[in-house]
Amino acid sequence: MGSRHAVVVTHPGLRKQGVVSDAIEQLVVAGFDVSVIDNSTAPALGEKTESVEPNTEIVVVLGGDGTILRAAELIYCTDVPILGINLGHVGFLAEFESFQMSEAIRRIADHDYSIDERMVAHVDIWLPGAKTPITDWALNDITLETAERGKMIEMSVRVDGVAMNSFSCDGMIVSTPTGSTAYAFSAGGPVIWPNVQALQLVPIAAHTLFSRPLIIGAGSTFSLEVLEGSVSNGWVCCDGRRYREVPRGTRLEIRESHDTLHLARLSGVPFTNRLVSKFNLPVVGWREQDHAKTRLRSDSGSGSAVDFGSGSGSDVTGQGERHA
């Protein structure tokens, strides 16, 4: 039986930390031949990204969501899954936290994981007069923004070829369900569950009375155009990594990609649990907390205790309580 191959993707700033070398050592002990990629250089927009070797069994990401997006470039158009171990901040795409690394590697070695297929967005960028488009993709989001700070961009929006609106703004975000908890969320967009096949459009600081987010089904297409009368050129970016400036008259056609991206899941915890835990949602409202405090004062001396915390009661992965 040939050796099993794993690729570890991490951030240059983390490479020298003990947790990275420890993970590599554990993978080797588990029977893996390990390659390490710690360069975060992004290709130009529209250029083909490098891929992992064909015999790669899994890509283990040590870092935050940005490092996972880097790893996504390495496995795009392959069936190789990504497993994220969070060494960053929120780490919404990561499956495990750093203190659970040994458990994660054991499960990887035992093939004890499932595959979560995530929708990917495809974009065709039609420059003025071009006969063929620049094509790219995104796991999280595709943005069309103003290329000049301090100036707004004038653009139009179409859905399935039908004109919807045009206005000045700082830009537009088109997000997948995976990206709905990232840039689109910060701009006021809704959270979309990962199993929903949809794309959403969220305007950024739109100068109009109607600037609600739009959500379309997987079979539909968003069309964004930088109008000729815009005071600024446009700036297109995919997943916050691959970007270029585009002139007035450029049109973006964004739809669901035929390809998907594979995330390895080691637990059956619902997405809702992850949402509550990562965003530390106050599942106990202030009115309920106030009622509980009132009851506590009235029951003073009974020896009972009331927890005024978030009330989520579980960690992200469902692996039990965290121990010091």
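A quick note: this is a predicted structure, and the numbers were derived from the prediction, not measured.

Visitor: I keep staring at the nonpolar core and nothing clicks. Help me out?
Guide: Nonpolar side chains tend toward joint burial in soluble globular proteins. Counting residues in hydrophobic clusters, the biggest one holds 30 residues, and the most contacted among them are Ile142, Phe222, Leu224, Leu252 and Ile254. Residues in contact with leucine 252, not counting those within four places in the same chain, are Val123, Asp124, Ile125, Ile142, Leu144, Phe222, Ser223, Leu224 and Val236.

Visitor: I tried to follow the sheet that holds strand β12 (residues 198-204) on my own but got confused; where do I start?
Guide: As a general point, the strands of a sheet are linked pairwise by backbone hydrogen bonds and lie either parallel or antiparallel. Pairing within the open sheet is antiparallel, and its 6 strands lie in the order β13-β12-β11-β8-β15-β16. Lying at the two open borders of the sheet, with one neighbouring strand each, are β13 (214-217) and β16 (242-246). Across the sheet, the mean angle from the axis of one strand to that of its neighbour is 15°, orientation sign disregarded. Relative to β12, strand β11 (residues 171-175) runs antiparallel, the two being bridged by 5 bridges. Opposite valine 174, over in β12, you have leucine 201 as the bridge partner.

Visitor: Would you explain the confidence of the model for the protein chain in this entry?
Guide: Any residue range with low pLDDT should be treated as having predicted coordinates unsuitable for detailed reading. Overall, the predicted model of the protein chain reaches an average pLDDT of 88, with 91% of residues at or above 70. For residues 304-324, every residue scores under 50 in pLDDT, and the model assigns this stretch 40 contacts once sequence neighbours within four places are set aside.

Visitor: Quick question: what am I supposed to make of helix α5 (residues 271-278) here?
Guide: Helical geometry note: an α-helix holds 3.6 residues per turn, so side chains three or four residues apart project in the same direction. Among all positions in α5, only Phe271, Arg274, Leu275, Val276 and Lys278 are buried. Looking at the packing, one finds that the buried side of α5 touches β4 (82-86), β5 (96-97) and β17 (251-265). Note on α5: the residue one or two positions beyond its end, asparagine 280, has a positive phi of about 50°.

Visitor: I would appreciate a short explanation of the packing of aromatic side chains in the present structure.
Guide: For the coordinates displayed, the defined rule picks out 3 aromatic pairs. Look at tyrosine 76 and tryptophan 137: their rings are 4.0 Å apart centre to centre, the planes differ by 10°, and that puts the pair in the stacked class. Note that tyrosine 76 is positioned in the loop between α2 (65-75) and β4 and tryptophan 137 in strand β7 (residues 134-138), a separation of 61 residues in sequence. Residue classification places tyrosine 76 among the buried positions, given a relative accessible area of 14%. The interplanar angle of 70° and the centroid separation of 4.9 Å between the aromatic rings of tryptophan 193 and phenylalanine 271 together place this pair among those described as edge-to-face. Taken together, the positions of tryptophan 193 in the loop between α4 (183-186) and β12 and phenylalanine 271 in helix α5 put the pair 78 residues apart, joining distant regions of the chain. On the basis of relative accessible area, tryptophan 193 is assigned to the partly exposed category, the value being 34%. Directly above the ring of tryptophan 137 sits arginine 242, whose terminal nitrogen or CZ lies 4.5 Å from the centroid.

Visitor: I'm lost on the packing of helix α1 (residues 18-29) against helix α3 (residues 101-109) in this one. Help?
Guide: How two helices sit against one another is set out by the angle between their axes and by the gap between those axes. Where α1 contacts α3, the two axes come as close as 10 Å, and the packing angle between them is 30°. On the basis of the axis angle, α1 is roughly parallel to α3. As α1 runs across α3, the sense of the crossing is right-handed. Across the interface between the two elements, Val19, Ala23, Gln26 and Leu27 from α1 touch Met101, Ser102 and Ile105 from α3. For the contact of α1 with α3, the residue count by class is 5 nonpolar, 2 polar and no charged.

Visitor: What should I look at first to understand the pattern of salt bridges in this one?
Guide: Two side chains bearing opposite charge may form a pair once their charged atoms approach each other closely. The final tally for this structure, using the stated rule, is 15 salt bridges. Its salt-bridge partner being glutamate 57, residue arginine 4 comes within 2.6 Å of it at the nearest N-O pair. Taken together, the positions of arginine 4 in strand β1 (residues 4-10) and glutamate 57 in strand β3 (residues 56-63) put the pair 53 residues apart, joining distant regions of the chain. Neither arginine 4 nor glutamate 57 differs from the other in exposure class; each is buried. In this structure, aspartate 110 engages arginine 106 in a salt bridge whose closest nitrogen and oxygen atoms are separated by 3.3 Å. A residue is classified by how much of its surface remains accessible, and aspartate 110, at 47% relative accessible area, is partly exposed. Among the ionic contacts, a cluster of salt bridges with common partners joins Glu50, Arg70, Glu73, Asp136, Arg241 and Arg242.

Visitor: Quick question: what am I supposed to make of α1 here?
Guide: With 12 residues, α1 extends 16 Å from end C-alpha to end C-alpha; this agrees with the ideal 16 Å at 1.5 Å per step. Residues of α1 that are buried: Val20, Ala23, Ile24, Gln26 and Leu27. When α1 is viewed along its axis, its buried side chains cluster within an angular range of 160° and face the same direction. Exposed and oriented more than 90 degrees from the buried face of α1 are Glu25 and Val29. Count one or two residues on from α1 and you reach glycine 31, which has phi positive near 105°.

Rules used throughout
- Residues numbered from 1 in each chain as written.
- Predicted model: local features only at pLDDT ≥ 70, side-chain atom pairs only at ≥ 80, totals over all residues.
- Heavy atoms only, no water.
- Core = buried A, V, L, I, M, F, W, Y, C linked by side-chain atoms within 4.5 Å.
- Buried < 20%, exposed > 50% of the residue type's maximum accessible area, 1.4 Å probe, protein only.
- Contact = heavy atoms within 4.5 Å.
- Pairing = 2+ DSSP bridges.
- Helix = DSSP H or I, 4+ residues; strand = E, 2+ residues; numbered from the N terminus.
- Axes fitted to C-alpha atoms, helices over the stretch in contact; angles between N-to-C directions.
- pLDDT = per-residue confidence, 0-100.
- Phe/Tyr/Trp six-rings, centres within 6.5 Å; stacked < 30°, edge-to-face > 60°.
- Lys NZ or Arg CZ within 6 Å of the ring centre and 35° of its normal.
- Parallel < 35°, antiparallel > 145°, perpendicular 65-115°, else oblique.
- Left-handed = near helix turned anticlockwise from the far one by under 90°.
- Nonpolar A, V, L, I, M, F, W, Y, C, P; charged D, E, K, R; others polar.
- Salt bridge = Lys/Arg side-chain N within 4 Å of Asp/Glu carboxyl O.
- Expected span 1.5 Å × (residues − 1).
- Arc of directions from axis to C-beta.

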